[in-house]
Amino acid sequence: MPLASLTTAAAHSGVPKPRSHPEWSDIGLFVFAIGAIWLLRHLMRRRNRKD
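Every chain is numbered on its own, with residues counted from 1 as its sequence reads. Only residues with pLDDT of at least 70 get local features here, since the model is predicted, and only at 80 or more are side-chain atom pairs given and counted; chain-wide, interface and lining totals rely on the full set of residues. Note that the side-chain values use all heavy atoms of the structure and ignore hydrogens as well as water.

**Q** I'm lost on the UniProt feature "transmembrane region" (unreviewed entry) in the protein chain in this one. Help?
**A** In the numbering used here, UniProt assigns the feature "transmembrane region" (unreviewed entry) to residues 27–44. This span, residues 27–44, is 100% helix and 0% strand, and a straight line between its end C-alpha atoms measures 26 Å. UniProt positions are given in the numbering used here, feature names are shortened, and annotations may be inferred rather than shown by experiment. Put simply, DSSP H or I for four residues or longer makes a helix, DSSP E for two residues or longer makes a strand, and each gets a number counted from the N terminus.

**Q** Is there a simple way to think about the pattern of salt bridges in this case?
**A** Once their charged atoms are close, side chains differing in charge can pair, the charge on each being opposite to the other. Here, a salt bridge means any Lys or Arg side-chain nitrogen found within 4 Å of an Asp or Glu carboxyl oxygen. The full count for this structure, using the stated rule, is one salt bridge. We note a salt bridge from Asp 26 to Arg 19, for which the minimum N-O separation is 2.7 Å. Any residue under 20% of the maximum accessible area for its type is buried, any over 50% is exposed, and the rest in between are partly exposed; the area is computed with a 1.4 Å probe on protein chains only. With a relative accessible area of 33%, Asp 26 lands in the partly exposed category.

**Q** Got a minute to help me understand a nonpolar patch on the surface in this structure?
**A** Patch membership needs two things, relative accessible area over 30% and no salt bridge, and members are linked within 9 Å if like-charged or within 5 Å if nonpolar (Val, Leu, Ile, Met, Phe, Trp, Tyr). Accessible areas in this description were obtained via Shrake-Rupley with a 1.4 Å probe; residue shielding takes into account the shown protein chains only. On the surface, Trp 24, Ile 27, Phe 30, Val 31 and Ile 34 cluster together into a nonpolar patch covering about 590 Å² of accessible area. Position of Ile 27 among the secondary structure elements: in helix H2 (residues 24–48). A residue is classified by how much of its surface remains accessible, and Ile 27, at 36% relative accessible area, is partly exposed.

What follows is the structure, given as structure tokens:
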């Protein structure tokens, strides 16, 4: 039961705030996804290269 008391203290207040720009976490996730896609494509091309 102690876990339930910790999660209720950090609950959302229910009041939404307007978003005027993306959060830093959104930008970081986007950059990470682009890097991961580039890396995977690079490795797949390297794997399928016929030397």
